[in-house]
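# Reading the structure
Here is how the chains run, residue by residue.
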Amino acid sequence: AMAESTSTPPLTSIVEAFEELGKFLQSQQQQQQQKLSLDTFCQASSLVSILFSCLGLAFKFAEMEYVSKVDDLVEASKTYDTLESIIDFDVANDMVKTPGSHSRNLRRVRQGLDLIRALFEQFLSTDDYSLREAASTAYAQVCAPYHSWTIRTAVAAGMYALPSRDQLLVNLEETLSREEDEKVHPGLTSGD
Ligand code: 1PZ
C-alpha cells in the first residue's frame, strides 16, 4: 500500500513525515497526553529505507537489520494501536530488553532514526566533513554505546566503504530525479 506513494521526492517525504509527527506530539504534549499511532510511526520510519540505496553494498547488513525491525513494528501495528501500548505490554511482561521484543525493536529503530538526525546535523554544521567522518561521529554518539564490540568493529571497517560526501549527494539526486521522472513521465523533460 505504501509502495506507490512516490509523488514527492524521498528526502522531502521523509522531512514532511517527521515534521508531521513532531507537530502532532507537540499538540498532544499541551494536552498532557502523548499517544503516537504505531501505524503513523511505521510509515515515517519506512520512508528512511530509501537512503540505504545511496550507501552501497557494505551497508546491506545495516539495511536488513533496520528493515527487519521496522517490519516487526508494522506487524505489531495490527495488534497494538500506539507506541505506548507495546511498551506497556512489554514492561508488564518484563520483555523490554528481550531481543526481538517489539519494545526493543522500537528502540533500535529510534536509534537508527537518531543516527540519521545526528548525521545531517554534522553536515549542516560544516562543509569540511567527509561522509565517513560525519557518519563515524554520529555513530559513536548515537548507536555505538548500544552495540556489541563485534558490530562496532564491523561498522568501523564498513565506514571506509562509504561513498564520498559528494558522491552521496549525487546518489541522492539520482534517486530524486528518478522519482521526478516517474512523476512527469519520461520523454517530457525540457530540452534547452
Ligand atoms: C546516509 C547515512 C549514513 C549512515 C551510515 C552509518 C551506518 C551505521 C550502521 C549501523 C549498523 C548496525 C548493524 C547491526 C546492529 C545490530 O547489532 C542490532 C541488533 O539488534 P537486536 O536484535 O540485538 O535488538 N540492530 C540494530 O541496531 C538495528 C538498527 C541498525 C541500523 C541503523 C542504521 C540506520 C542508518 C540509516 C542510514 C540510511
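Below is a summary of the structure that appears in this document. (Residues numbered from 1 in each chain as written. Predicted model: local features only at pLDDT ≥ 70, side-chain atom pairs only at ≥ 80, totals over all residues. Heavy atoms only, no water.)

In this structure, the largest pocket encloses a volume near 1,000 Å³. Along its surface, the largest pocket is lined by 37 residues, and Phe52, Ala62, Leu115, Tyr139 and His147 are the ones closest to its centre. Those elements giving two or more residues to the lining of the largest pocket turn out to be helix H3 (60-76), helix H5 (102-125), helix H6 (131-142) and helix H7 (149-158). Of all the elements, H5 adds the most residues to the lining of the largest pocket, at ten residues. (1 Å grid on protein atoms, 1.4 Å probe; cavity = no way out; pocket = protein on both sides within 12 Å on 5 of 7 lines; lining within 4 Å. Points joined across faces, edges and corners; volume = space filled by probe spheres on them. Helix = DSSP H or I, 4+ residues; strand = E, 2+ residues; numbered from the N terminus.)

Turning next to the site of the ligand. The ligand sits among 19 residues. The nearest are Glu65, Lys69, Arg104, Arg108 and His147. Within the side chain of lysine 69, a nitrogen or oxygen atom sits 2.8 Å from an oxygen atom of the ligand. Here an oxygen atom of the ligand sits 2.6 Å away from a polar atom, N or O, in the side chain of arginine 104. Expressed as a share of its isolated accessible area of 850 Å², the protein-covered part of the ligand is 91%. Most atoms of the ligand, that is more than half of them, are within 2 Å of grid points of the largest pocket. It is H5 that provides the largest number of residues to the shell around the ligand, a total of six residues. When the residues that make up the shell around the ligand are grouped by side-chain class, the tally is 13 nonpolar, two polar and four charged. (Near = heavy atom within 4 Å. Polar contact = N/O pair within 3.5 Å; in protein donor to acceptor, adjacent residues only side chain to side chain. Areas by Shrake-Rupley, 256 points an atom, 1.4 Å probe, with all protein chains shown as cover. Sits in = over half its atoms within 2 Å of the grid points. Nonpolar A, V, L, I, M, F, W, Y, C, P; charged D, E, K, R; others polar.)

For residues besides glycine, phi is generally negative; the peptide bonds are generally trans as well. A positive phi angle is found at aspartate 94, which is not glycine, with a value near 55°. Take aspartate 94: it is sitting in the loop between helix H4 (83-92) and H5.

What follows is about the packing of H4 against H5. Interaxial distance between H4 and H5 falls to 8 Å at its minimum, and their mutual angle equals 130°. Between H4 and H5, the interaxial angle falls into the category oblique. Contacts between H4 and H5 pair Leu83, Ile86, Ile87 and Asp90 from the former with His102, Ser103 and Leu106 from the latter. Here the residues of the contact of H4 with H5 are counted per class, giving four nonpolar, two polar and one charged. (Axes fitted to C-alpha atoms, helices over the stretch in contact; angles between N-to-C directions. Parallel < 35°, antiparallel > 145°, perpendicular 65-115°, else oblique. Contact = heavy atoms within 4.5 Å.)

You can see lysine 69 is positioned in helix H3. A polar atom in the side chain of lysine 69 sits 3.1 Å from the side chain of glutamate 65. The residues contacting lysine 69, other than those within four sequence positions of it, are Asn105, Arg108 and Val109.

Positionally, glutamate 16 belongs in helix H1 (residues 10-30). Judged by its relative accessible area of 44%, glutamate 16 is partly exposed. Taking the C-alpha atoms as reference points, glutamate 16 and alanine 44, 28 residues apart in sequence, are found 9.0 Å from one another. (Buried < 20%, exposed > 50% of the residue type's maximum accessible area, 1.4 Å probe, protein only.)

Right, let's get into the pattern of salt bridges. Under the definition given, this model contains six salt bridges. Put simply, lysine 23 and glutamate 20 hold a salt bridge, and the shortest N to O gap is 3.5 Å. Highlighted residues: lysine 23 and glutamate 20, both in helix H1, separated by three residues, approximately one helical turn. Lysine 23 sits in the exposed class, given a relative accessible area of 52%. One salt bridge in this structure joins glutamate 65 and lysine 69, with 3.1 Å as the shortest N-O distance. Placement of the pair is glutamate 65 and lysine 69 together in helix H3, with a separation of four residues, close to one helical turn. Relative accessible area serves as the criterion here: at 19%, lysine 69 is assigned to the buried category. When salt bridges with common partners are traced through the structure, they connect Asp114, Arg117 and Glu121 into a single cluster. (Salt bridge = Lys/Arg side-chain N within 4 Å of Asp/Glu carboxyl O.)

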